[in-house]
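What follows is the residue order along each chain.
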Amino acid sequence: GKKSVFCGDIGCYTLGNAKPLDMCDTCLCMGADVTITQGIHHIEPDTYNFAFIGDSTFFASGMTGVVNAVYNQAEMTLIVLDNSTTAMTGHQPHPGTGVTMMGDIVNKVSIEKILEAMGVTKIVKADPLKLDEAIEAVKSVVDLPGVKVVIFKFPCAAIVKPTKAFSIDMDKCIGCMECISEIGCPAIVLKDGHAFIEPSQCFGCGTCTYTCPTNAITRRS
């Protein structure tokens, strides 16, 4: 079968052996993931090539790479992680947020419409917190020709209020570590041989519930 190559745009995706967060094979600088990915395709056409880019980086330095990929008929899947802010540098607004740096309300620039104007013909949107939906979204496009895009949209945890936290039923937990090893959530730790969710760290997204084989994870009452 084909080899998969994952390219990221910032270093937080490449953490050495800190699985599952070490998801990228290459990482150079913001926006370079799109261009590296298409370059790998032209050098090694028998690979599945994925690029991950944030919404703010897409506007800042990703659009030219996408145009080039479409124009040069690259085979690649672009994953846009849209959290409607510039999370890593201070949460300043960008053209997709509908707010200027001065606080003026303006029309939001649609990433999807920009991609369509560039010639991207397959664009899928999905909720990243619904793991089954997210996985199917990627599977639905990966074998298609050309440049494909999956947009995962969910607000950054730092700019929205958390919902009620989750907890783990110790009687049901079998200590399999799936919830820890599969998603790398900082709120889930190992305690006395069982997984434990620290309430003050839990955002309430519920992603961990998809990983538990015994349904031991539920929202706190």
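Quick caveat: nothing in here was measured; it's all calculated off a predicted structure.

Participant: How would you summarise the packing of aromatic side chains if you had to cite specific residues and measurements?
Facilitator: Here the structure, examined in full by the defined rule, presents three aromatic pairs. Summarising the aromatic geometry, the rings of Phe 58 and Phe 59 are spaced 5.6 Å apart at their centres and angled 80° between planes, so their arrangement reads as edge-to-face. The pair formed by Phe 58 and Phe 59 is uniform in burial state, with each residue classed as buried. Of the aromatic side chains, those joined through ring pairs into one cluster are Phe 6, Phe 50 and Phe 52. Across from the ring centre of Tyr 48, 4.9 Å away, lies the NZ or CZ of Lys 2, which sits over that ring. For the cation-ring pair, Lys 191 lies above Phe 196, with the distance from its terminal atom to the ring centre recorded as 4.3 Å.

Participant: Got a sec to walk through the sheet that holds strand 1 (residues 3-8)? Specific residues and values, please.
Facilitator: Note: strands within a sheet are paired through backbone hydrogen bonds, in either parallel or antiparallel orientation. Pairing within the open sheet is parallel, and its six strands lie in the order 2-1-3-4-6-5. The open sheet terminates on both sides in strands that have one partner only, identified here as strand 2 (26-27) and strand 5 (122-126). Here strand 1 pairs with strand 3 (residues 47-54) via five bridges, running parallel. Residue pairing across strands places Lys 3 opposite Thr 47, the latter belonging to strand 3. Its contacts with the sheet put helix 2 (residues 55-71) on strand 3, strand 4 (76-82) and strand 6 (147-153), and the angle it makes with strand 3 is roughly 150°.

Definitions and limits used
Residues numbered from 1 in each chain as written. Predicted model: local features only at pLDDT ≥ 70, side-chain atom pairs only at ≥ 80, totals over all residues. Heavy atoms only, no water. Phe/Tyr/Trp six-rings, centres within 6.5 Å; stacked < 30°, edge-to-face > 60°. Buried < 20%, exposed > 50% of the residue type's maximum accessible area, 1.4 Å probe, protein only. Lys NZ or Arg CZ within 6 Å of the ring centre and 35° of its normal. Pairing = 2+ DSSP bridges. Helix = DSSP H or I, 4+ residues; strand = E, 2+ residues; numbered from the N terminus. Contact = heavy atoms within 4.5 Å. Axes fitted to C-alpha atoms, helices over the stretch in contact; angles between N-to-C directions.

As far as function goes, none of this settles anything; it's purely spatial.
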